[in-house]
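Given next are the chains, with one letter for each unit.
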Amino acid sequence: MLNYTLRRLMFTIPTLLFISFVIFLILDMAPNDPTGNLPMTIPPDVREKIRQSLGLDSPMYVRYLLWCKQFFINEPLNLIEQWFDVCFGDCGERLRVRSWATRSYVVDLIAERMPQTLWVVGMSYVVSIFIALPIGVISAYRQYSWFDQFGTFFSMIGFSVPTFFTGVMLIVIFSVWVPSDSIFWLPSVYDTTLEVTDLHSLWLQIRQMIMPVFVLALYNAAQLSRFMRASMLDNLSQDYVRTARAKGLKEKTVLLVHVLRNSMIPVVTVIALSVPQVFGGAIITEQIFRVNGLGQLLITGIQGADIPLVQTLTFIFAVLIVLFNLVADILYGLLDPRIRYD
Amino acid sequence: MTSIDEQVEAKNRSLWGDVWSQFRTHKGAMLGMIVFAVILFGVAAGPYLWHTDPQHLDIRAKNTNPITSCLFTGSQIADCFSDPESIKYYDPDAEQLQRIKVSWAHPIGTDQLGRDLLAQLMQGGRVSMAVGMAAMLLSLVVGTVIGVLAGYFKMVEGLLMRATDLFLALPLLPLLLVIIMLFRDTLRNAFGPETGIFLLIVFIIGITSWMQTARIVRGDVLALKEREFILAANSIGTPSRRVISRHILPNILSPIMVSATLGVATAIITESALSFLGLGFPSDFPTWGRLLFDGTTFIEQSPARVIWPGLAISLTVLSVNFIGDGLRDALDPRIRGR
């Protein structure tokens, strides 16, 4: 198992390098100019100097290698220095990835936005698992019952109706139609400056998280409950279930201990596999509810042609995808003793 | 009394006849097909029946409410529906009688520039549907070609499947956004604002959604390749391209058809998502996603502006997904036999 993990990790590195190169190439092919947004009064020779100071006059591979050096060597070193308060060589003078638009370090920008995304996306994930598992279990146990029919319809709606429509509909209902002094009124804009200090602010925080969390949770729960149902159905018809019942085990034990545990194996990997997709889907949800998380940072970066920021963020999304693919494969091997990667 | 000929005829069942009779038993799929046909008819023939120009600016009629607002006029409902322009109601905020701004000329209202929403919805639906179909076709062709090549020719299998894995590892939505942002202006200059954006969006949606098709097709081709009839075809000296076109392609038609229907749904959703983020079609060339995006600014004054386009997208995608579901069952011989 360890051997397999190490081998996969070794293979991950060239994949990620290649992906980062592809992203860099796409951004580099683009016919736009980072100085295009600056005032027209800047004379052309100054403009040229600005371009030189951004390093745009050097050939493409030099810029790519420099980005690699900054991202893979300088930034991790910097993080280690910050965390452990140590200094390697020329600390403080090392070249770091800077955003063109704000001139601040990209890593700091990302660290600023990370908590909001993690809160909203993470919470929605937890909620979706709590919605999806019971629905999946019950609709498999009572196959073709009205509950199952309803569950099928619910999940069909869940992944057919795009998040930007469910989100906007929730805003129409809970922020526009419900009067604002009612207890059911919910804010449509996520306020990041809110600090949770007492019960009242905690209540405000929960209220502003309800809508974005539920929009994402509904979408995920729809897919997860389908997988749960299919996997439960596969296991329910197996021989060991009949044996367990024949032994005289209680129906609850058979269902929740024997069948559920075995059915969770593929579901856990599906959960791991779709974590990066959630970050992608969160771009839209963050935009609807004005959550200033990673997705919104990416959108503003794209609109401002902030190449280093977009490059780094897109690459981080790619890292998440590759990483969680690996996690899913390893989890599968760990959870299911029948599967061995040797 | 039936003749012998007719009896023989009745027993004669074709493959597609079987598929159709299985498909009909799936209630959701039938309902989905009816809804989809209605929407398709609405966007295709609608502009011939509803003559209002979607781009006509009628600034006097700006922000007209949908005719359904009449339902909230209390005792005047009947008058309101028969002659909407004459109705006044008491507005508690302004403390005076006000004219309720509804009109049969704009049954579901107008936007802030007085453009008719119904006409825009039909026009937008045409674009959304066209993008969905074209992007699906492109991704289907790419996916099938790559899947068949990878499954049939051992030489290119490793390379093509690594490429597929690589595409699956790319963060697609961010990349789509980046590519559109970067190449929008170039293409707009080359092909004009409408065709340029249309080509760009169809191309990038198609080029980033073929991976699932390729994987399924490759799996099926790998299994088919070991069957006796392929061996027989090879042994009589049939060239590879003819084996593929005569024997392989007809046998992998059902997974291709299923992924085609699902592909339309994802393409429509992706296009609307891009438009919703403000990076799709321009405002004067509306699609459903763009109408929804434009409507969100005016969500407090007129929620109808977001509800109708959103409903159109959702219903289309829902019906297409149900059709795909029914098709999958109907094309699966193990289910069809029962």
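Structure: above.
Residues numbered from 1 in each chain as written. Chains lettered and ligands numbered in written order. Predicted model: local features only at pLDDT ≥ 70, side-chain atom pairs only at ≥ 80, totals over all residues. Heavy atoms only, no water.

Draft legend 1. Structural view of the interface of chain A and chain B. Counting from both sides, the interface comprises 41 residues of chain A and, opposite them, 38 residues of chain B. Summing both partners gives a buried area of about 3,300 Å² for chain A against chain B, and 88% of it is carried by carbon and sulfur. For the pair chain A and chain B, the interface holds zero salt bridges. Counting the contacts that link chain A with chain B gives one residue pair in polar contact (both at pLDDT 80 or more). Put simply, the parts of the chain that give the side of chain A that touches chain B at least two residues each are α1 (2-29), α5 (146-160), α6 (163-177), α9 (251-289), α10 (294-303) and α11 (307-335) of chain A. A per-class count over the side of chain A that touches chain B returns 34 nonpolar, seven polar and no charged. (Contact = heavy atoms within 4.5 Å. Buried area = accessible area lost by both parts, 1.4 Å probe. Salt bridge = Lys/Arg side-chain N within 4 Å of Asp/Glu carboxyl O. Polar contact = N/O pair within 3.5 Å; in protein donor to acceptor, adjacent residues only side chain to side chain. Helix = DSSP H or I, 4+ residues; strand = E, 2+ residues; numbered from the N terminus. Nonpolar A, V, L, I, M, F, W, Y, C, P; charged D, E, K, R; others polar.)

Draft legend 2. Spatial organisation of a nonpolar patch on the surface. On the surface, a cluster of nonpolar side chains totalling about 890 Å² of accessible area is made up of Ile183(A), Phe184(A), Val196(A), Leu199(A), Leu202(A), Trp203(A), Ile206(A), Ile210(A) and Phe214(A). With respect to the helices, strands and loops of the structure, Val196(A) is situated in the loop between α6 and α7 (199-236). (Patch = residues over 30% accessible without salt bridge, like charges linked within 9 Å, V, L, I, M, F, W, Y side chains within 5 Å. Areas by Shrake-Rupley, 256 points an atom, 1.4 Å probe, with all protein chains shown as cover.)

Draft legend 3. Representation of the environment of Phe289(A) within the structure. All names here are of chain A. Along the chain, the position of Phe-289 falls in helix α9. Using a relative accessible area of 1% as the deciding quantity, one classes Phe-289 as buried. The spatial distance from the C-alpha of Phe-289 to the C-alpha of Met-209 is 9.5 Å, given a sequence separation of 80 residues. Ignoring sequence-local partners within four residues, the contact set of Phe-289 consists of Gly-167, Ile-171, Ser-188, Val-189, Tyr-190, Met-211, Pro-212 and Val-215. (Buried < 20%, exposed > 50% of the residue type's maximum accessible area, 1.4 Å probe, protein only.)

Draft legend 4. Spotlight on the packing of aromatic side chains. Summed over the entire model, instances satisfying the criterion amount to 15 aromatic pairs over all chains. Pairing Phe72(A) with Phe315(A) gives two aromatic rings, centres 5.7 Å apart and planes at 90°, and the pair type is edge-to-face. Residue Phe72(A) is located in helix α3 (residues 60-84), and its partner Phe315(A) is located in helix α11; the two are separated by 243 residues in the primary sequence. Ring centres of Phe153(A) and Phe322(B) lie 6.4 Å apart, and the angle between their planes is 25°; this geometry places the pair in the stacked category. Taken together, the residues span two chains, with Phe153(A) in helix α5 and Phe322(B) in helix α14 (residues 304-331). Grouping aromatic residues by their ring pairs yields a cluster made of Trp67(A), Phe71(A), Phe72(A) and Phe315(A). (Phe/Tyr/Trp six-rings, centres within 6.5 Å; stacked < 30°, edge-to-face > 60°.)

Draft legend 5. Quick peek at the packing of α1(A) against helix α7 (residues 172-191) of chain B. Two elements in contact, α1(A) and α7(B), have axes whose closest approach is 9 Å; the angle formed by their N-to-C orientations is 20°. In terms of axis orientation, α1(A) runs roughly parallel to α7(B). For the pair α1(A) and α7(B), the crossing hand works out as left-handed. From α1(A), Ile23(A), Ile26(A), Leu27(A) and Met29(A) reach across to α7(B), where they touch Leu175(B), Val178(B), Ile179(B), Leu182(B) and Phe183(B). Here the contact of α1(A) with α7(B) is composed, by residue class, of nine nonpolar, no polar and no charged. (Axes fitted to C-alpha atoms, helices over the stretch in contact; angles between N-to-C directions. Parallel < 35°, antiparallel > 145°, perpendicular 65-115°, else oblique. Left-handed = near helix turned anticlockwise from the far one by under 90°.)

Interpretation in functional terms is not warranted from these geometric data alone.
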